[in-house]
Amino acid sequence: MIDVQRLKDRVCECIDAHREEIVSIGEDIRTHPELGFKEPRTAGIVANRFAALGIPHTTGIAITGLKGMLRGAESHVTVAYLGELDSVLVRDHPDADPDTGAAHGCGHNAQIANLIALAYGLVESGVMSHLGGNIALMAVPAEEYVEVEYRLRLKQAGKIEFLGGKPEMIRVGAFDDVQMALMTHQSCRDEKGKFSAGAPNNGCVVKRIRYIGKASHAGGSPHEGINALKAAMLALQAIDANRETFQDKDHIRVHPIITKGGEMVNVIPADVRMETYVRGATVEAIMSAAAKVDRSLKAGAMALGATVQITTLPGYLPRLVHPKLVEVYKENATALVGEEEWWEPTFGAGSTDMGDVSHLMPAVHAYARGACGTGHGADYRICDPDMAYVAPAKVAAMTLIDLLADGARRAKAILEDYHPAMTKEAYLDFMRGLAQDVVWPEEQE
Ligand SMILES: [Zn+2]
Ligand SMILES: [Zn+2]
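This section reports on the structure supplied with the text. Because the structure is a prediction, the values reported are computed rather than measured.

### So, the coordination of the zinc ion (ligand 2)
Taken together, the protein donors to the zinc ion (ligand 2) comprise Cys106 (SG), Glu144 (OE) and His376 (NE2), at separations of 2.0 to 2.3 Å. Read in sequence order, the donor residues coordinating the zinc ion (ligand 2) give the pattern C-x37-E-x231-H. The distance between the zinc ion (ligand 2) and the zinc ion (ligand 1) comes to 3.0 Å, with Cys106 serving as a donor to both metals. A residue pair is termed long-range when its members are at least 10 positions apart, and Cys106 in the loop between strand S5 (102-103) and helix H4 (108-124) and His376 in the loop between strand S16 (371-372) and strand S17 (381-382) qualify at 270 residues. With relative accessibility at 40%, the residue His376 sits in the partly exposed group.

Next comes the structure, spelled out in structure tokens:
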């Protein structure tokens, strides 16, 4: 039998040998942020490294995604390690792209550095020839659910169907040969500790809302108009009135914004736009809250005699936790940084498309604390380059070795008694079933 510890040491040495380069890749991406489905430069960096390392890979998956494949001595299981390519919009961030306003306010630049560091470690150590499974290295576009209008145009052009990167990679088959997935997100929260994993988080649906009223002179003849802004305001109050029915266990978050409130101050608003997420801990909770939101939106229209158009878009599924897989990850994280540097996470009220992946296969979404400041905020920084760019790759490598050594014994044990929450087909049906375009009241024949 091979000495697993020696394999882990060798991979970590190979990662350390490239430390300077890995940090400079992470910093280069940090200063060249790209928004979701528009990450050609970042994807190009990954492709170049894969090519230099001789890793067979496919590019252009879900527009900018990539998938490299490292084969083990046997192919009992394929485990994916994921890195997200995109950034967020934070115009006042010092690193923000002056043209697009994009900035790495969520640390995804570190995820890509981790992915490349892992590739160096796995290839240069020669570890794959000792493993009983394959490792898919995947760079994934568009984790952040932003620029909805732009993505709807991509959808209309037939370039995507779903507005998030992982749902789209699932749809086009990039996960078809993958049985397990890992990734590491940067955390900037206040918890003491360097690594964490194992808490679920919210899923969401996304709504675009349009109130259609009737324009008229706001001073001279408001009685001839239908005020779409008043309808929207009533709807917001009706949503707020429903909040007392949301139960703590469901972690519901509804946070609507008005993106267009009218045209001119002396015209009764006839076209008012809103957007909201409806987040919750379970699909049932999300659907129940979303029905209350729809009811509230219609109530606003009814009171004013306006029309409301509600476009519902599938967002992300709640993230499920696989405790046995988390355990393998935790063993390796604590081996690297010590027991005292592990923090037990609490429920996350945000949403990520790793939730979608977690419905199809055992998945770990870990956190590493290499960042500080406010997530998605102007003061977000990488404040510990080793924790951001290097250490997560080592923990990932060691976890993958544990899963795949000895004929993939531990990975096979995890999969043996695992039943996915959804099959791919059920998932696609569910997502497609969520998409809805409702006009209320319905036009009379
Ligand atoms: Zn993120
Ligand atoms: Zn984010």
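### As for the coordination of the zinc ion (ligand 1)
Reference values for angles at a metal are 109.5 degrees in the four-donor tetrahedral case and 90 or 180 degrees in the six-donor octahedral case. Coordination sphere of the zinc ion (ligand 1), protein contribution only: Cys106 (SG), His108 (NE2) and His185 (NE2), at 2.0 to 2.2 Å. Here the donor residues of the zinc ion (ligand 1) are spaced in sequence according to C-x1-H-x76-H.

### Quick notes on helix H5 (residues 148-156)
Looking at H5, one finds that the buried residues are Val148, Arg151, Leu152 and Leu154. Axial view of H5: buried residues confined to an arc of 155°, hence all on one face. Turned more than 90 degrees from where H5 packs its buried face, Arg153 and Gln156 sit exposed. Residues of H5 that are buried in the fold lie against strand S9 (201-212) and strand S13 (307-316). Looking one or two places after H5, you find Gly158, whose phi comes out positive at around 80°.

### Some thoughts on the sheet that holds strand S15 (residues 363-368)
Through backbone hydrogen bonds, the strands of a sheet pair up, either in parallel or in antiparallel fashion. What the seven strands build is an open sheet, ordered S1-S2-S6-S3-S7-S15-S8; its pairing is mixed. Looking at the sheet topology across the chains shown, the edges are occupied by strand S1 (57-61) and strand S8 (195-196). Bridge count between S8 and S15: two bridges; the pairing is antiparallel. The residue bridging Ser196 from the neighbouring strand is Tyr367, located in S15. Sitting on the sheet, helix H3 (residues 40-52) is in contact with S1, strand S2 (65-70) and strand S6 (134-140), with an inclination near 20° to S2.

### As for the state of the cysteines
What is meant by a disulfide is a covalent connection between two cysteines, made through their sulfur atoms. Scanning all chains against the criterion turns up one disulfide. Lacking any disulfide linkage, Cys188 is separated from the closest cysteine sulfur, that of Cys106, by 7.8 Å. In this structure Cys188 comes out as buried when scored by relative accessible area, which is 16%.

Conventions used here
All chains use their own residue numbering, which begins from 1 and follows the written sequence. Starting at A for chains and at 1 for ligands, labels are handed out in the order in which the entities are written. Reporting in this predicted model follows two pLDDT cut-offs: at least 70 for local features of residues, and 80 or more for side-chain atom pairs to be given and counted; totals over whole chains, interfaces and linings ignore these cut-offs and use all residues. Side-chain measures here rest on the full set of heavy atoms in the structure, leaving out hydrogens and waters. The donor set comprises N, O and S atoms within 2.8 Å of the metal, extended to 3.2 Å for Na, K and Ca; water molecules are omitted, so apparent gaps in a site may simply reflect that omission. Runs of H or I in DSSP of at least four residues are treated as helices and runs of E of at least two as strands, each being numbered from the N terminus. Here's how the labels work: a residue is buried when its accessible area is under 20% of the maximum for its type, exposed when over 50%, partly exposed in between, all with a 1.4 Å probe on protein chains only. Note: the arc covers the axis-to-C-beta directions of the helix. The criterion used for residue contact is that any of the two residues' heavy atoms lie within 4.5 Å. The rule for pairing is simple: two strands pair if DSSP sees at least two bridges between them. The convention used is that axes are lines fitted to C-alpha atoms, helices contributing only their stretch in contact, and that angles between N-to-C directions extend from 0 to 180 degrees. Criterion for a disulfide: a pair of cysteine sulfur atoms within 2.5 Å.

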